[in-house]
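# Results of the structural survey
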Amino acid sequence: MRKIVAILLSIFFCLTLNSFAERKTIRYLTFETSFEQINLIKKIIAEFEKKNPDIHVQLEATSEASRVFLTEMAAGTPPDVMYIGSEMLPQMVGKRALMPMNDWISRDSVNMDLFFPKTVNALTYDSKLYAYPIHYSTNALFYNKRLFDERGVAYPDDNWTWNDYDKASKKLTIDRDGDGKPDVWGCLSPELRVIIHSYSGKIISDDTTRMAVNTPEALKAVTLAYNMGGVSAPLAAQIQDTNEIQMFSNSKVAMFLGRTWQLPQIIKTMPKDVPWDIAPTPKGVVRFSEIGVGGNCIARGSKNPEAAWRYVKFYSSVEGQKLLGVQKNCAPALVELGNSPQYFLCAPPQNIKVFLDAATYSDRPYPDADWTNEFSSRVWEPVMEQIRTRTITPKDALIMWEKSGNAYLEKWRQDESFRSKADYAGDTTAFLFRFMIILMVVGFLVVLYFAATNKKSWEGYFFIAPWIFGFIIFTLGPVMASLYLSFTRYDMLSMPQWVGIGNFSALVKDKLFLTSLYNTFYYALVSVPISLVFALILAMLLNNKLKGIYTFRAIYYLPAITSGVAISLLWRWLFNPDLGLFNSMLKLVGIAGPGWLTSPTWAMPAIIIMSVWGGAGGAMLIYLAGLQGIPEQLYEAANLDGANGWQKFLNVTLPMLSPTIFFNLIMSIIGSFQVFVTIFVMTSNAGSSIEPGGPVNSTLVYVLYLYRIGFRYLNMGSACAMAWILFVIILAMTLLNFWLSKRWVNYDQV
Amino acid sequence: MNEIKLRKKILLYFLLLCGGVIYILPFLWMVRTSLMEYAQVQIVPLVWFPNPVKFSNFSEALKYMDFWVLLKNTLIITFFAMIGQMISSSMVAFGFARMKFPGREFLFMVLLSTMMLPAMVTEIPRFILFRHLGWIDTFYPLIVPSFFGGGAFFIFLLRQFFKTIPFDLDEAARIDGCSSFRIFYQIMLPLSKPVLATVVIFSFIWSWNDFWGPLIYLRSADKKTLALGLQAFQGLSQTDYHYLMAASLVVLIPVLAIYVSAQKYFTQGIVMSGMKG
């Protein structure tokens, strides 16, 4: 009793304390999830709260911040402040989802000269600042001094041009074992955008109306990079480790054009006895580097914009940023901290000042527009991929960029009428909610009517009632909302605009849509039968009464519960073209293995092998459960009839197991048409702008493309349309199998 | 006869071992990584044996991810979601498998079709719905729906098994004056132990490892789950594989325990003696 009183009292106390203080809560959403960084952010928050006792900051950290942000914006409950990168900013600004900060800045007479001008520029659109700068990342040339010394090549300096880079990379390429394949590469193929700009070429015209890439300057740049491929820079299929940092720290590549954020990992993984440093990006006609700036933005719809602004301002203040200590993952946007040896300017690397200098000559690669994501993956990357695999000549690459880019820009211009209406509307949520409530009511009325007219069957309805209610409350509304949205232009930020069957007709014309459909059928038609049979064999093996069979059952189930990261890393190693287990074993029998995940032909088979392996555990378990249900006496009877093992399997096991087989069949059809996570993880490249689904879209499956359209291009209406097309396909396959099942599935046969 | 049996046994063990190696590999990789220093993890070609062996990775990782708070939350969510799924999915499955009522086949197709629409496109409307219910940043969105049917997967699975149990049993029981509910409770459930154990395993694992649900519906740090907590080792610019694998191993232990203990119900092959056959 005393305890209860004490608890009640303390609750009461807490409540009253809170109401006296009247603290406002603002929510801060960040991409950064590593405990080290989170602890630093917490320091800033603690200091801010000490200075502003009326404000409480709730920190929300998630690696999927953009998806969470979009969902919360759509629901009208945006976090007040969000960390955002300059590459994601244009889309948000285009939908008017963020608050400009200029009024506050002039009101509080904040001196923006404290920041490197380029960092402010990169976050400014139409002369309005939409995110308050924190730090930035630029290019620099990372090089391995030991390899340079070994080949007697002079270290890169301020005067290096791309030609020097090219020449040095050839000298640095070493074939140690004389098998005709380089063991150390001179360099990695540098980002073409950077070279094109440093030859004072352009990608898009300044007024963003057409492509400006088909010029002699750009041709020079592309030719340079193209000629390095396979000679002094590895082609996609020749890259041995999972990322460039690994190749660099394992001394497999002598230099590469990296970015600031790669510093901490290089510092951590580079062996102590291997000296390395950085140099400025090589010059062409001019020097160019891409800049990426991170800042805090304030969402429109924030309930406490004033408090949010105070927080944002404090976060980027000298006082706030000093709490972070030495930062190497990005250069500070504040000039004072950037120049301070205590906070940034200290070795390693020796020449870290390169990043500060880069702040003067670096820039955004494209002019302002709200489509950079989509442009990069629809126009830029497909051609890049062909250049990297040397399947297109430089001249043709430029022509293809020009053609696909102009077509894309043209389509984008036609969309003007939709874009001009796009305006963040917190009331989409109220609108969709009403829509769902109406459906819920209609659903209940239908059920009532049905129950009233079929009173005799009340028992049956009683048993399925939990599902009926759950369906009407939690599923019907959202499902129908997505059906409605499939007929609209919906970007999750502004009100849906009705477009009739526009989304569907645009999809049919979209080549990638058809590719994704083909890939999905390929995946499903191959993986479903194989995994069904494979899991059944496993289950039959594991159903034997042997000593230690439980251990085996656990082992074979392990992949289903092992960390997905571990599995994907391990399979990347298994599939590694040169060092991987598969190709090493194939080599023993004298077969030259394929490039697996780097080969457009073999990537999908590799994925299928992996998913059959990993998915077998679940299906096996269900088969095992089914096998337990087969009565012993059926086998005894078969024994009496003199049946052998195979006959028993055919005449007893299979028919008796048919309901279970049927279940696994239907579930694997439904699952394989929606395959997503495996492929997403296996084909993602950390830190690169290449969308998962490669190489050359060979593993771009349906839901992967749907995800890209919905959450990367912010075209949820089109994603919904895709989802409903897939729904019809899966439903058709399922109905077909239910119809066929009457011929082979036996229920209640004992 | 015995020699043939022995040969068969040896062959079986051989097959199981060969496959087992491929299946246990990622797990071994996890163990070796969890005992390594960061710099050693990424060396190519792959190093299998940690040197030095760092057991301290475990205690450090658990400290950094605030393990005990996350464990408590995950246990609460997983436990209630599992109970809900067990009760409601077996009930609904019984309805679909053993009862006759108008619209049954149609409703069953509707049930299955709820799995055919990619969840990504219903994510936002569903979030809006829960927001208006005031359920954001609570465990309700992760628990309550389990009590309403428990998901098409389990209903379909259980229905398949219930359908294989002889109908004669129901009829005999009904003649004895048994209600439908007693048939469900006293005949059907005890006969379905292996598949119910399967439901327990799946349900536990899915809730335990669920990433998207908690990611979207839980905001405050003190409400997060273990699956989300593992993100603490995957930063923007680098992944601390050694901590990540140490923490993942600890998170995996309860799952393995559930799996192994549920196995018990897989040996009690259903005794149907005394029945027609």
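Residues numbered from 1 in each chain as written. Chains lettered and ligands numbered in written order. Predicted model: local features only at pLDDT ≥ 70, side-chain atom pairs only at ≥ 80, totals over all residues.

## Observations concerning the overall build of chain A
- When helices and strands are counted, chain A shows 32 helices and 16 strands.
- Whereas a compact globule of 750 residues would reach a radius of gyration of roughly 27 Å, chain A reaches 30 Å, a difference of no more than 12%.
- Projected onto its principal axes, the C-alpha coordinates of chain A cover approximately 90 × 75 × 65 Å.
- By residue count, 49% of the 750 residues in chain A fall in the buried class.
- The contacts in chain A between residues at least 6 apart in sequence include a share of 75% that link residues at least 24 apart. (Helix = DSSP H or I, 4+ residues; strand = E, 2+ residues; numbered from the N terminus. Rg over C-alpha atoms; globule rule 2.2 N^0.38 Å. Buried ≥ 20, exposed ≤ 12 C-beta atoms within 10 Å, placed from the backbone. Contact = placed C-beta atoms within 7 Å.)

## Details of helix α5 (residues 104–113) of chain B
- Every buried residue of α5 of chain B is listed here: L107, L111 and L112 of chain B. Seen from one end, α5 of chain B has its buried residues packed into an arc of 145°, which puts them on one side. Residues of α5 of chain B that are exposed and point more than 90 degrees away from the buried face comprise E105 and F106 of chain B.
- Buried residues along α5 of chain B sit against α21 (458–485) and α32 (716–744) of chain A together with α8 (152–164) of chain B. (Arc of directions from axis to C-beta.)

## Describing the domain arrangement of chain A
- In terms of domains, chain A is made up of domain 1 (21–138 + 293–362), domain 2 (425–485) and domain 3 (506–744).
- Each of domain 1 of chain A and domain 2 of chain A has a C-alpha centre, and the two are 44 Å apart. (Domains from an automatic or database assignment.)

## Structural notes on the pairing of strand β2 (residues 55–61) of chain A
All names here are of chain A.
- Of the strand pairs in this sheet, strand β1 (residues 24–30) and β2 are connected by seven bridges, and their pairing is parallel. Across the sheet, I26 pairs through a bridge with V57, a residue of β2.
- The handedness of the β1 to β2 crossover, carried by helix α2 (residues 35–51), is right-handed. (Pairing = 2+ DSSP bridges. Right-handed = clockwise from strand over helix to strand, strands pointing away.)

## Quick notes on the environment of N664 of chain A
Residues and elements named next belong to chain A.
- Looking at where N664 falls in the secondary structure, it is placed in helix α29 (residues 645–673).
- C-beta crowding within 10 Å serves as the criterion here: with 25 such atoms nearby, N664 is assigned to the buried category.
- Separated by 133 residues in sequence, N664 and S531 place their C-alpha atoms 9.6 Å apart.
- Those residues in contact with N664 that lie beyond four places of it in its chain are L532, A535, A619 and I622.

## Let's talk about the sheet that holds strand β12 (residues 292–298) of chain A
All names here are of chain A.
- If you walk across this open sheet you meet the six strands as β2-β1-β3-β12-β6-β13, and the pairing is mixed. Edge positions in the sheet fall to β2 and β13 (331–332), since each has one partner strand and no second.
- Across five bridges, the pairing between strand β6 (residues 132–137) and β12 is antiparallel. By the bridge assignment for β12, S137 is matched with G292.
- Across the sheet, α2 lies against β1 and β2, angled at about 170° from β2, the strand it touches most. (Axes fitted to C-alpha atoms, helices over the stretch in contact; angles between N-to-C directions.)

## Structural notes on the sheet that holds strand β9 (residues 253–259) of chain A
Residue and element names in this part refer to chain A.
- In spatial order, the strands read β8-β9-β7-β10; together these four strands make up an open sheet with mixed pairing. Among the strands making up the open sheet, the edge pair consists of β8 (185–187) and β10 (276–279). Across the sheet, the mean angle separating the axes of adjacent strands is 25° when strand polarity is ignored.
- With two bridges joining them, β8 and β9 adopt parallel strand pairing. Residue pairing for β9: W185 is matched across the bridge by V253.
- Together, β7 (139–144) and β10 form the strand contacts of helix α16 (residues 353–361), whose direction differs from that of β7 by roughly 150°.

## Some details on unusual backbone geometry
Residues and elements named next belong to chain A.
- Going from A347 to P348, the amide bond is cis rather than trans, its omega being -5°.
- Within the secondary structure, P348 is located in the loop between α15 (335–338) and α16.
- Here S127, not a glycine, exhibits a phi torsion of approximately 55°, which is positive.
- Along the chain, S127 falls in the loop between β4 (124–125) and β5 (128–129).
- Taking the number of C-beta atoms within 10 Å as the measure of exposure, S127 has 7 and is therefore exposed.
- Positive phi, normally seen in glycine, also occurs at M492, with a value near 75°.
- By the secondary structure assignment, M492 is in the loop between β15 (488–489) and β16 (497–498).
- Note on M492: 26 C-beta atoms within 10 Å, which makes it buried.

## Regarding the packing of helix α23 (residues 511–542) of chain A against α29 of chain A
Residues and elements named next belong to chain A.
- Two elements in contact, α23 and α29, have axes separated by 9 Å at closest approach and are oriented at 145°. By crossing handedness, the relation of α23 to α29 is classed as right-handed. Note on element contacts: α29 touches α23 through N664, L665, S668, I669, S672 and F673, opposite T520, Y523, A524, S527, V528, S531, L532 and A535.
- Tallied by class, residues from the contact of α23 with α29 come to eight nonpolar, six polar and no charged. (Left-handed = near helix turned anticlockwise from the far one by under 90°. Nonpolar A, V, L, I, M, F, W, Y, C, P; charged D, E, K, R; others polar.)

## Some words on the pairing of β6 of chain A
Residues and elements named next belong to chain A.
- β6 sits mainly inside the fold: six of its six residues count as buried.
- Where β6 meets β13, two bridges bridge the pair, whose relative direction is antiparallel. Bridging across to β13, Y136 finds its partner in A331.

## Let's talk about the environment of V526 of chain A
- Here V526 of chain A lies in helix α23.
- Given 15 C-beta atoms within a 10 Å radius, V526 of chain A is considered partly exposed.

## Focus: the confidence of the model for chain B
Residues and elements named next belong to chain B.
- In the predicted model, chain B carries a mean pLDDT of 89, and the fraction of residues at 70 or more is 95%.
- Scored below 50 in pLDDT, residues 268–277 shows 19 contacts in the model against residues more than four places distant or in partner chains.
- Predicted complex metrics record ipTM = 0.93 and pTM = 0.91. (pLDDT = per-residue confidence, 0-100.)

## Considering the environment of S482 of chain A
- By the secondary structure assignment, S482 of chain A is in helix α21.
- With 27 C-beta atoms counted inside 10 Å, the residue S482 of chain A sits in the buried group.
- S482 of chain A sits 235 residues away from G717 of chain A along the chain, and the two C-alpha atoms are 8.1 Å apart.
- Beyond its immediate sequence surroundings of up to four residues, S482 of chain A is in contact with C720 and A723 of chain A together with L117, V121, T122 and P125 of chain B.

## Some remarks on the packing of helix α24 (residues 549–561) of chain A against helix α1 (residues 2–34) of chain B
- With their axes 8 Å apart at the nearest point, α24 of chain A and α1 of chain B run at an angle of 45° to one another. Of the possible angle classes, the one that applies to α24 of chain A and α1 of chain B is oblique. At the point where α24 of chain A passes α1 of chain B, the crossing takes the left-handed sense. On α1 of chain B, the residues touching F552, I555, Y556, L558 and P559 of chain A of α24 of chain A are L16, G20, Y23, I24, P26 and F27 of chain B. (Parallel < 35°, antiparallel > 145°, perpendicular 65-115°, else oblique.)

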